[in-house]
Amino acid sequence: MCPVNSFGGASGGSGGTGGCGGVGGTGGQPGGSSIGIISVNASLVFTDVSIQTGDGGDGGAGGAGQDGGPGGAGAGGGSSPYGACGGGMGGPGGVGGTGGGGGGGHSLGIAYFGAAPASATVTFTLGTPGTGGGTGPEAGAGGVAADNQAF
């Protein structure tokens, strides 16, 4: 506590700066996908074909944010002829945000680039897509299960 007097005099010191905010967490890893056939600008012809895929993997949760830095020291108060109090310490910086979750893996019969292959005679048995990692607003998107998917 700084003593108070009734005389005019020097000013008190300024308060310290606030600490730096913490670094955000790293993003979660994506889940693995299961893809039956990959077609890149190919012309495919199917006759009595069955394509079976496995489940997509779940995405990983994002990492925790780093703690904020400490606040800075306040400046000293004025002196002559009547002393004044120094400034207070600055507050700590805020904690960094949680990293986003990784996306869930896909379960795709045919993943293609270019023209979509004709698949009317194909029987698809697909696995379950993976769920996105994390929870709340940081959650990653879920995977997709589809007979045909462009990429």
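Just so we're clear, the structure is a prediction, and the values are computed from it rather than from any experiment. (Residues numbered from 1 in each chain as written. Predicted model: local features only at pLDDT ≥ 70, side-chain atom pairs only at ≥ 80, totals over all residues. Heavy atoms only, no water.)

A. Seen up close, the sheet that holds strand 1 (residues 34-40). Judged by pairing direction, the sheet is parallel, and its three strands sit side by side in the order 1-3-5 without closing on themselves. The strands lining the two open edges of the sheet, one partner per strand, are strand 1 and strand 5 (145-150). Within this sheet the neighbouring strands show an average axis-to-axis angle of 10 degrees, counted without direction. Here strand 3 (residues 107-113) runs beside strand 5; their pairing, made up of five bridges, is parallel. Bridging across to strand 5, Tyr112 finds its partner in Ala150. (Pairing = 2+ DSSP bridges. Helix = DSSP H or I, 4+ residues; strand = E, 2+ residues; numbered from the N terminus. Axes fitted to C-alpha atoms, helices over the stretch in contact; angles between N-to-C directions.)

B. Inspection of a nonpolar patch on the surface at higher detail. Judged by side-chain polarity, Ile35, Ile38, Val40, Phe113 and Phe151 come together as a nonpolar surface patch covering roughly 490 Å² of accessible area. Element by element, the count of residues in the nonpolar patch is highest for strand 1, at three residues. Assignment of secondary structure puts Ile35 in strand 1. (Patch = residues over 30% accessible without salt bridge, like charges linked within 9 Å, V, L, I, M, F, W, Y side chains within 5 Å. Areas by Shrake-Rupley, 256 points an atom, 1.4 Å probe, with all protein chains shown as cover. Salt bridge = Lys/Arg side-chain N within 4 Å of Asp/Glu carboxyl O.)

C. Examining unusual backbone geometry more closely. Within the chain, Asn41 stands out as a residue other than glycine whose phi angle is a positive 50 degrees. As for its placement among the helices and strands, Asn41 is situated in the loop between strand 1 and strand 2 (49-52). The backbone of Asp48 shows a phi angle near 50 degrees, a positive value even though the residue is not glycine.

D. Structural detail: the nonpolar core. Grouped together as the largest cluster of nonpolar side chains are five residues: Phe46, Ile51, Ile110, Val122 and Phe124. The contacts of Val122, once residues within four sequence positions are left out, are Phe46, Val49 and Ile51. (Core = buried A, V, L, I, M, F, W, Y, C linked by side-chain atoms within 4.5 Å. Buried < 20%, exposed > 50% of the residue type's maximum accessible area, 1.4 Å probe, protein only. Contact = heavy atoms within 4.5 Å.)

E. Structural view of the environment of Tyr112. By the secondary structure assignment, Tyr112 is in strand 3. When the C-alpha atoms of Tyr112 and Ile38 are compared, they prove to be 5.7 Å apart, with 74 residues separating the residues in sequence. With near-sequence residues (within four places) excluded, Tyr112 lies in contact with Ser39, Pro117, Asn148, Gln149, Ala150 and Phe151.

The values are spatial; any link to function lies outside them.
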